[in-house]
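If you want the building blocks of each chain, they are given just below.
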Amino acid sequence: MAAVLCACGGSGSTGAGAVVGPDAGLPDAGSTDAGVGDGGVADDCTGIVPAVPASALAFEVGENTGEICSLSVTDGTGVILAESHSGTSLTSLSAVNWHEFDTRGIGGGFFSGGFSLAPQASGFLGTESSAGAVNVEAWSGQGKIQNLVPFSSSTAPVGVAPGFPDGVVMVQNSGSTLLVSSFDDLANAVKTASGAAPAGATVLAAAQDQTGPVLAVLSNGQGIWTDLAAGTSGAPFSLGSGTTAAARALIGGGVAVRLDGHWTAIVNPSNSILLPPRAWMVDGSDFTIARGGKAYAVTTGSNVIALAVGQTTCGTVTLPGVTSVSAGIEGTVVGSSGTNGCSKVFWPKLLQ
């Protein structure tokens with residue numbers, strides 16, 4: 001059953017996907033409108049940083065003996081998926097156990113699936129591997145399979161990214177052919193494109209720009225843009241070397257690229273110009289779009305969330321009694337506590 005916790009103190013101070021790692025030490029920058037956004041207009045932090053409510057809800061992830069829990073994601077209705085896994089490190093896992101909880105923290109469905117999920121307005125999309133093939137699978141908020149569609153017969157690593165405005169994008173380099181496919185919110189295939197890619201370079205990460213093109217980040221230090229509407233891919237360009245990567249779409253356009261935990265560049269569709277990352281993109285951090293698409297919720301594996309608009313850090317929120325906080329697409333914030341991280345505390349719609 002869900003429990004109500006007192007979250008004494010921790011009010012909001014003047015601040016794709018949870019992050020595992022040390023606290024990057026985000027400073028409390030104070031609320032300010034001094035920054036200038038991409039369009040040359042001063043960033044507006046008005047109403048961006050919330051106060052933390054006096055109470056929160058909690059639930060326990062029903063893990064097996066020896067399992068640990070870390071990541072949490074939330075769909076547009078507030079259904080929470082909390083993962084549990086055993087054995088190897090998170091970065092090397094291909095599948096985990098996902099436990100579903102409703103907006104009151106009451107347990108619902110359960111399924112095993114890919115490590116990367118794309119939350120939807122209702123339900124979740126991800127990958128499922130079977131008999132040497134990779135499929136796209138849609139799960140409801142009750143843990144039921146809604147659809148399963150073949151993506152590729154290759155076992156090469158697949159980049160999974162939220163589609164825009166919904167659905168999911170899958171990217172894979174099989175041999176020397178980059179395959180890029182988009183699927184709607186029920187995993188039905190929408191568009192597919194392919195192009196040449198460097199042989200042997202696997203896909204480390206992918207992101208769909210809010211204007212439509214898809215960026216693939218490859219293991220050889222290069223990136224490739226694919227235009228799904230035209231069905232074409234551009235030439236590879238240098239992004240920098242790294243063994244791990246993340247790519248996150250920015251509000252209004254552009255994709256931020258993180259290599260080995262360090263945000264290295266922002267790139268825009270159809271060109272290879274590397275722009276500097278924003279000041280709030282600190283090492284070891286991740287971010288999701290929050291506050292109705294107006295701001296970024298920046299997490300570092302600690303109990304602090306920084307809220308940013310454009311180039312400006314508006315302030316931070318500190319969540320008491322938890323670590324490894326994550327922000328869902330509809331604003332729910334989930335944190336971990338306990339020896340194995342399987343005790344969860346959450347603040348519904350805190351960043352709505």
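**Some details on the overall build of the protein chain**
Next up, step 1: When helices and strands are counted, the protein chain shows zero helices and 29 strands.
Next up, step 2: Counting only carbon and sulfur atoms, one obtains 54% of the accessible surface of the protein chain, whose full area is about 13900 Å².

**A closer look at the sheet that holds strand β10 (residues 145-152)**
Next up, step 1: Pairing in this open sheet of four strands is antiparallel, and the strands run β7-β8-β9-β10 from one edge to the other. Two strands in the sheet have a free side with no partner beyond their single neighbour: β7 (117-119) and β10. The sheet shows a mean angle of 25 degrees between the axes of neighbouring strands, direction not considered.
Next up, step 2: Looking at chain direction, strand β9 (residues 133-139) and β10 are connected through six bridges and run antiparallel. Bridged to valine 136 within β10 is valine 149.

**Brief notes about the packing of aromatic side chains**
Next up, step 1: In the structure shown here, the tally under the stated rule is eight aromatic pairs.
Next up, step 2: With 5.7 Å between their ring centres and 55 degrees between their planes, phenylalanine 59 and phenylalanine 346 make a pair best called tilted. Taken together, the residues span a long stretch of sequence, with phenylalanine 59 in strand β2 (residues 55-60) and phenylalanine 346 in strand β29 (residues 343-347) at a distance of 287 residues. There is no split in this pair, since phenylalanine 59 and phenylalanine 346 are both buried.
Next up, step 3: On the numbers, 5.3 Å between centres and 90 degrees between planes, the contact of tryptophan 280 with phenylalanine 287 is edge-to-face.
Next up, step 4: Given the relative accessible area of 3%, phenylalanine 287 is considered buried.

Conventions and cut-offs
Per chain, residues are indexed from 1 in the order of the written sequence. Given that this is a predicted model, residues contribute local features only at a pLDDT of at least 70 and side-chain atom pairs are listed and counted only at 80 or more, while totals for whole chains, interfaces and linings are drawn from all residues. Note that the side-chain values use all heavy atoms of the structure and ignore hydrogens as well as water. Strands here mean DSSP runs of E at least two residues long; helices mean DSSP runs of H or I at least four residues long; both are numbered from the N terminus. Computed with a 1.4 Å probe, the accessible areas rest on the Shrake-Rupley method; for each residue, only the protein chains presented here act as cover. Each pair of strands is called paired provided DSSP finds at least two bridges between the two strands. An axis is simply a line fitted to the C-alpha atoms; with a helix, the fit covers only the stretch in contact. Between two such axes, the angle follows the N-to-C directions and lies from 0 to 180 degrees. The rule is short: rings of Phe, Tyr and Trp, with Trp giving its six-membered ring, pair when the centres are within 6.5 Å, and they are stacked under 30 degrees, edge-to-face over 60, tilted in between. Accessible area is worked out with a 1.4 Å probe on protein chains only. A residue is then buried under 20% of its type maximum, exposed over 50%, and partly exposed in between.

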